[in-house]
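# Commentary on secondary and tertiary structure
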Amino acid sequence: MYDSLVYRNEITWYSLMISKKTNLIALQKELENIGLSRGSIRTAEFDQGKMKRWGIAWTFLTPCVRSPALKLRGGVKSFEVLLDATLEDPEAYKEIANRFLSFAEEFRMIKLHVDLESDTRLVLSEASGSHEIEKKTLFTIDVSIKGIVSYESSTKVTISLDIYCLCHEGLEKVRKVENQLVGEICRTNRRWRRRIKRSS
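Residues numbered from 1 in each chain as written. Predicted model: local features only at pLDDT ≥ 70, side-chain atom pairs only at ≥ 80, totals over all residues. Heavy atoms only, no water.

### Looking at the confidence of the model for the protein
Of all residues in the protein, 95% have pLDDT values of 70 or greater, and the mean over the chain is 83. Across the protein, the secondary-structure element scoring lowest on mean pLDDT is strand S6 (residues 121–128), at 76, and the one scoring highest is strand S3 (residues 51–59), at 91. For the stretch residues 130–135, pLDDT sits under 50, and the model shows four contacts to residues farther than four places along the chain or on other chains. (pLDDT = per-residue confidence, 0-100. Helix = DSSP H or I, 4+ residues; strand = E, 2+ residues; numbered from the N terminus. Contact = heavy atoms within 4.5 Å.)

### Considerations on helix H3 (residues 89–106)
Its 18 residues give H3 an end-to-end C-alpha distance of 26 Å, which sits within 8% of 26 Å, the value for a rise of 1.5 Å per residue. Where H3 is concerned, the buried positions are Ala92, Tyr93, Ile96, Ala97, Arg99, Phe100, Ser102, Phe103 and Ala104. (Expected span 1.5 Å × (residues − 1). Buried < 20%, exposed > 50% of the residue type's maximum accessible area, 1.4 Å probe, protein only.)

### Here we look at the environment of isoleucine 163
Mapped onto the elements of the fold, isoleucine 163 is located in strand S8 (residues 155–165). Given the relative accessible area of 2%, isoleucine 163 is considered buried. Here the alpha-carbon distance between isoleucine 163 and leucine 72, two residues 91 residues apart in the chain, equals 5.7 Å. Ignoring any residue separated from it by four or fewer positions in sequence, one finds isoleucine 163 in contact with Leu70, Lys71, Leu72, Val76, Thr140, Ile141, Val174 and Glu178.

### Notes on a positive patch on the surface
Together, Arg190, Arg193, Arg194, Arg195 and Arg198 make up a positively charged patch on the protein surface. Along the chain, the position of arginine 198 falls in helix H5 (residues 190–199). (Patch = residues over 30% accessible without salt bridge, like charges linked within 9 Å, V, L, I, M, F, W, Y side chains within 5 Å. Areas by Shrake-Rupley, 256 points an atom, 1.4 Å probe, with all protein chains shown as cover. Salt bridge = Lys/Arg side-chain N within 4 Å of Asp/Glu carboxyl O. Lys, Arg positive; Asp, Glu negative; His and termini not counted. Charge placed at Lys NZ, Arg CZ, Asp CG, Glu CD.)

See below:
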């Protein structure tokens, strides 16, 4: 493994076959300690009869932010927002975008950034590093508006989330965002219930 550090600029992918799972886990931790991200390390399990082997591959190239290897499994995938008024599609998109912008501004634990890519798509992310060149995206949440249904006195908007996380530090942060996101956007958490009670 340490030879790969010497030849990091000459070879793209390095791989090993391992006979014990404990060695695989130790090697993964060692690779993470030298600075490789989740998307730069891949593992596989090989079965042949009663014998099991594990393969591990790693690269020193930075993975694409939206790499399938960085996509989080589990957690919030989609949710529905009920808006109080009957709105046309552009107005509903604008209301949802404003809620995400307000959430990003008021979220205290992490500085969030929102990019409005189109009327039906926005990206929520956080960057680390003090100097502009050092900045790397720790996580990205792709938000897509999948459907809008208008009723007599309300509008229901279906929102889909794809969450990508580069490293374990980003994983901790994205879970904090994810825990508060639905309640803030739907305006159903304790803070919004108190606000509504005070205004009425």
